[in-house]
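Chain by chain, the residues run as shown.
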Amino acid sequence: SCSLMPMKGEMGGGYVQELQSLRKEAGQLCEALEGAHREKESWFSKKEALNAEIKTLVEELRKVRQERDAINLQIKEEKQLRGEMHHKAMEEFSKAQELRQESRHLAGKLPTKSDPHSIREHIAKIEYTIETEVIPFEKERELMKKIKHLQSAYQQTNLLGSVNQDLHEAFIHGKEKKKEAYYLHKTIQHQAKESQERHEKLINLVNALKEKSHEEGAAFGKFVEEKKRFLGLQEQYHKTLRSLHAIERRHHQRRKAKEDALRKTEELALREKSAVVQEKMKKGGKLTTEDLLVFQQVVRLEEG
């Protein structure tokens, strides 16, 4: 804050008018200076508040970007895993297709509704007949040939069963891998949605950051502008004070000179009166009260 010293003593002539004019100007400049200071500090506070908001936005932006990038990395890894599961499923289905063709080929060579148990029972019956009955040689040869044929069919039936078992396992494994790939796909879809949400939030944060940065720049510009105005007013105020003080010093010096001249005149008159009193004392004249007062004043003057 700024303040002016009260006027001391009296002035005459144009000094009073000039001094009053400068005091009025200094008072107006002081008021304007305080207003500029408040405005300057107000813009500085706004700039600092915006700077704090920008720091918060930058921190949040960094956090959201890290979250999005982490999700995207996870999506990339799971897409690769999904591709591997899909590839394995296709391999199992391709294997099942080959086994299905082999099964059909084997089944085409066997009697309808053949199974290892019934073939084995049939072979046992023929062997029992050969062992327990007396049959012609030709018929025995035919039965033995039939046994050989049934044994071959038995082997083919077992092989078909094994192929069918492998076919079933390949199909089951393929379905499992396909199911895993499907669930990974669903997970990836959910994560992609989360990543998109983070990305949209990131865009909003970037836009907010740009806006706040623009506002901070504008506030700082206003602060610089008000600071320049404040410094300009401060210079004017100090210049006015210097002029005011210079006039006061000149007035003080002139008043002191007048007082000194008056004092010297009074001293001279007093010394002249003192000389008269001393002359009277030498002649033995009677001193009056006025003469004694003059004498006392001279003593005080010399002691002072």
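First, a word on what this report is: a plain description of the structure on this page. These numbers come from a predicted model, not from an experiment.

1. What to know about the nonpolar core
And step 1. One finds Leu33, Leu233, Tyr237, Leu241 and Leu244 to be the most contacted residues of the largest nonpolar core, which totals 13 residues.
And step 2. At the level of secondary structure, the elements contributing two or more residues to this core comprise helix H1 (14-109) and helix H3 (137-282).
And step 3. Grouped together as the second largest cluster of nonpolar side chains are nine residues, Ile119, Ile126, Ile130 and Leu150 included.

2. Quick look at the packing of aromatic side chains
And step 1. According to the stated counting rule, one finds four aromatic pairs in the structure shown.
And step 2. Centre to centre, the rings of phenylalanine 44 and phenylalanine 223 are 5.2 Å apart; their planes meet at 50°, and the pair counts as tilted. Placement of phenylalanine 44 in helix H1 and of phenylalanine 223 in helix H3 is noted, with a sequence separation of 179 residues between them.
And step 3. With a relative accessible area of 31%, phenylalanine 44 lands in the partly exposed category.
And step 4. The class for phenylalanine 223 is buried, based on a relative accessible area of 11%.
And step 5. When the centroid spacing of 6.2 Å and the interplanar angle of 35° are considered together, the rings of phenylalanine 220 and phenylalanine 223 count as tilted. You can see phenylalanine 220 and its partner phenylalanine 223 sitting in helix H3, three residues apart, about one turn around the helix.
And step 6. Here a set of aromatic residues connected by ring pairs shows up, and it is made of Phe44, Phe220 and Phe223.
And step 7. Positioned over the ring face of phenylalanine 230 is lysine 40, at 5.1 Å from the centre of the ring.
And step 8. The ring of tryptophan 43 is capped by lysine 46, whose NZ or CZ atom sits 4.2 Å from the centre of that ring.

Conventions and cut-offs
- Residues numbered from 1 in each chain as written.
- Predicted model: local features only at pLDDT ≥ 70, side-chain atom pairs only at ≥ 80, totals over all residues.
- Heavy atoms only, no water.
- Core = buried A, V, L, I, M, F, W, Y, C linked by side-chain atoms within 4.5 Å.
- Buried < 20%, exposed > 50% of the residue type's maximum accessible area, 1.4 Å probe, protein only.
- Helix = DSSP H or I, 4+ residues; strand = E, 2+ residues; numbered from the N terminus.
- Phe/Tyr/Trp six-rings, centres within 6.5 Å; stacked < 30°, edge-to-face > 60°.
- Lys NZ or Arg CZ within 6 Å of the ring centre and 35° of its normal.

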